[in-house]
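Residue-level listing of the chains:
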Amino acid sequence: MTAPIGLGLGVVVGYLLVALTIGLVAYRLTETTAEDYYLANRSIGTVVLLFTTFATLLSAFTFFGGPNLAYAAGPEWLIVMGTLDGVLFAVLWYVVGYKQWLIGDRHGYVTLGEMLGDRFGSPGLRALVAGVSLLWLFPYVMLQQMGAGEALVGLTGGAVPYWGGAALITAFMIAYVTLAGLRGVAWTDTIQGLFMLSVVWVAAAWVVSAVGGVGAATGSMVAARPEFASFGGGVYTPGFIVSTAITIAFGVTMFPQINQRFFVAESGMVFKRSFALWPVLVLLLFVPAFLLGAWAVGMPVDVPEGANVLPVVLNAYTPTWFAALVIAGAMAAMMSSSDSMLLSGSSYFTRDLYRPFVAPDASERREAWVARTGVVAFATLAFLASLLRPGTLIQVGDTAFSGFALLSLPTLCALYWDRTTRDGMAVGIAVPQAIYLLVVLSSVLPVVPTLPRTISVAGSGGWDVALGLMVLSAVLTVGVSLLTAPTAESDASRFAVAGD
Amino acid sequence: MRVRRDLVWIPVFAALVAFAVPWPLWGVDRVVAGLPAWIWWHVGWLVLCSAAFRLFVRSGAWERGMGLDSPGGAGGTDASAGRGDRR
């Protein structure tokens, strides 16, 4: 048993080293300016933008959480993720992303907080957006570490402990982000994205041929769990499907590492091409990954409690080296998400909090040093928190997404409605965030009574409370804006894209 | 000069998002060509979305929707050269 474990680990570590080499090459090409470090000088083309967004978006949540949920509750997760990522996010990509790109390109913005803060002439608003973003980034970085820990436990049959995997990815992320800027991240993302797509299809082909074809795989799945064939039912209530799809899709657009991707495109054409190719790309990855999870219920495999289903299936039907390669692919997905997260987090921290409030006249060198120290501290704290395993991958991910989703409607107001005021933005962001934080904390802190995370509506299942808070954020932003006058410092023309 | 025809994209996008969930197949458990029928709906729908997005881009409505009017209106993807493209 030792040899295959060594082989598996060897593949994963070898893969990490290849990624690190790419990062080093990019590092040599990166200038010392913030715009180049964080945005690769806004020079990203279609293929790289597509894959860097793709690989950044797809993380432990997709790769392990998705198949696990399909295994436990049925393949409908494919629809939830397909709807939110493939369609709704694509539409938001146009509505939020393209406008943001046009504005960012004009004024040289690097972060969302900077863009909104400048529009409303309010450093406070800038800090609020950055603070909220960093707050929700934390559980999501943690999620990647949890995923990596579980991945290596699955791959090595427990020889590498959970904390070992989480520590490995933490060390790698820190090394990577402190060295390479966005250029390195985007390049490795492209390779990782292509790699993930290929291995998942080979994995599906391998497993399907071993069990006797797609029909046979579905047949055994339906024999084991008849309800898996029909759409809906179980956890998949209309309330769950709609809430999850909306909160995640809107959350994704406000996710620092995705939102910053809106600033990096080389031209408008890059956006247009990426937008049209996006749904097909999403389809190509999710169908095989989630179906493997669902088919597993009909396979004679034993998935231990708390383990991830994908590695178990691969270990049963494919050679160790290939299973290791897929796990390496999944680790790649996690890394490409978490290195981007840390990079974005560090730009939010230094540009929106450190420079305006702590050291306005800090040198570039000092700022770079602070950014890197911040990355180390953030990743280490998230690692320590991941050791506590405060929920499943899906739960942790969903909590973070909803937190981000609450930023989206005030941002949309600011982008499209000139009458939006600074106070409207501040109230529209702060109040729903405070309520949501209370709801989340109440489930972990024993001192406060637990507030419900979902509210059931007759016959349609539970609706995520975040959905209601999103509506509240829009109502507050619009309402308070109408009641207050624009401040002297705010300037709606900063968000105008036509004319000069 | 916003082209009124562009407004048709709003209901089109709404329908694309709404029916990305195969509501008409709720509870249907027929297996077709090895996969549940609703999975085929999903596959077909995302391909349809991709095609619709492409049409949207080509129509020039993308630029007009952002207020970046180009002379002649439906200037197709070249409209971006007017304002949207950096280089």
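Predicted, not measured: the structure shown is a model, and the values here were computed from it.

Trainee: Which parts of the structure should I look at to understand the interface of chain B and chain A?
Mentor: One frequently used descriptor of interface size is the decrease in accessible area upon assembly of the parts. Between chain B and chain A, the residue contacts involve 42 residues of the former and 56 residues of the latter. Note on chain B versus chain A: buried area summed over both sides is about 4,000 Å², and carbon and sulfur give 75% of it. Of all residues in chain B, the largest losses of buried area upon contact with chain A belong to B:W38, B:W62 and B:M66, amounting jointly to 19% of the total for that side. Linking chain B to chain A there are one salt bridge. Notably, a salt bridge pairs A:K272 with B:E63, separated by 2.5 Å at the nearest N-O pair. If you tally residues by element for the side of chain B that touches chain A, the top one is helix α2 (residues 37-59) of chain B, at 12 residues. When its residues are assigned to classes, the side of chain B that touches chain A shows 26 nonpolar, nine polar and seven charged.

Trainee: Honestly, the side chain of A:Q257 in this entry has me stumped. Any pointers?
Mentor: Relative to the helices and strands, A:Q257 resides in helix α12 (residues 256-259). Once residues lying within four places of it in the same chain are set aside, the contact partners of A:Q257 are A:T56, A:L137, A:S340, A:M341 and A:S344.

Trainee: Is there a simple way to think about the packing of helix α8 (residues 162-179) of chain A against helix α16 (residues 364-386) of chain A in this case?
Mentor: Each pair of packed helices can be described by the angle between their axes along with the distance between the axes. All names here are of chain A. As a packed pair, α8 and α16 sit with axes 10 Å apart at the nearest point and diverge in direction by 165°. Here α8 lies roughly antiparallel to α16, going by the angle between them. Our pair here, α8 against α16, has a crossing hand that is right-handed. Only R372, V375, V376, A379, T380, F383 and S386 of α16 make contact with α8, whose side of the interface consists of Y162, W163, A166, A167, T170, M173, I174, V177, T178 and L179. Grouping the amino acids of the contact of α8 with α16 by side-chain chemistry returns 12 nonpolar, four polar and one charged.

Trainee: Before we go on, may I ask you to explain the environment of A:I435 in this structure?
Mentor: Residue position: A:I435 is located in helix α18 (residues 422-442). Setting aside anything within four residues of it in sequence, one finds A:I435 in contact with A:L469 and A:L472.

Trainee: Is there a simple way to think about α16(A) in this case?
Mentor: A rise of 1.5 Å per residue sets the reference length of α16(A), with its 23 residues, at 33 Å; its end C-alpha atoms lie 33 Å apart and thus fit the reference within 8%. For α16(A), the full list of buried residues reads A:E367, A:V370, A:A371, A:V375, A:F378, A:A379, A:A382, A:F383, A:A385 and A:S386.

Trainee: Quick question: what am I supposed to make of the pattern of salt bridges here?
Mentor: Any two side chains of opposite charge can pair, on the condition that their charged atoms come close. Overall, the coordinates contain eight salt bridges over all chains when judged by the stated rule. When the shortest N-O distance is used, the salt bridge between A:E367 and A:R355 registers 2.4 Å. With A:E367 in helix α16 and A:R355 in helix α15 (residues 320-358), this pair connects stretches of sequence that are 12 residues apart. The exposure class assigned to A:E367 is buried, which follows from its relative accessible area of 11%. In this structure, B:R64 and B:D6 form a salt bridge, with 2.5 Å as the shortest nitrogen-oxygen distance. Taken together, the residues B:R64 in helix α3 (residues 61-65) and B:D6 in the segment before α1 (9-18) connect sequence positions 58 residues apart.

Trainee: Honestly, the packing of aromatic side chains in this entry has me stumped. Any pointers?
Mentor: Two aromatic rings are characterised by how far apart their centres lie and by the angle between their planes. Inspection of the entire model under this criterion finds 37 aromatic pairs over all chains. Geometrically, the ring pair formed by A:Y236 and A:F240 is edge-to-face, given 5.8 Å between the ring centres and 75° between the ring planes. Of the residues examined, A:Y236 reaches a relative accessible area of 0% and is grouped as buried. Take A:F240: its relative accessible area is 23%, and that puts it in the partly exposed class. Taking 4.4 Å as the distance between ring centres and 25° as the angle between the ring planes, the aromatic pair formed by A:F275 and B:F53 counts as stacked. Here B:F53 lies in helix α2 and A:F275 lies in helix α13 (residues 268-295), a pairing that spans two chains. Exposure class is identical for A:F275 and B:F53. Each is buried.

Calculation notes
Residues numbered from 1 in each chain as written. Chains lettered and ligands numbered in written order. Predicted model: local features only at pLDDT ≥ 70, side-chain atom pairs only at ≥ 80, totals over all residues. Heavy atoms only, no water. Contact = heavy atoms within 4.5 Å. Buried area = accessible area lost by both parts, 1.4 Å probe. Salt bridge = Lys/Arg side-chain N within 4 Å of Asp/Glu carboxyl O. Helix = DSSP H or I, 4+ residues; strand = E, 2+ residues; numbered from the N terminus. Nonpolar A, V, L, I, M, F, W, Y, C, P; charged D, E, K, R; others polar. Axes fitted to C-alpha atoms, helices over the stretch in contact; angles between N-to-C directions. Parallel < 35°, antiparallel > 145°, perpendicular 65-115°, else oblique. Left-handed = near helix turned anticlockwise from the far one by under 90°. Expected span 1.5 Å × (residues − 1). Buried < 20%, exposed > 50% of the residue type's maximum accessible area, 1.4 Å probe, protein only. Phe/Tyr/Trp six-rings, centres within 6.5 Å; stacked < 30°, edge-to-face > 60°.

Note that all results are geometric; they support no functional claim without further evidence.
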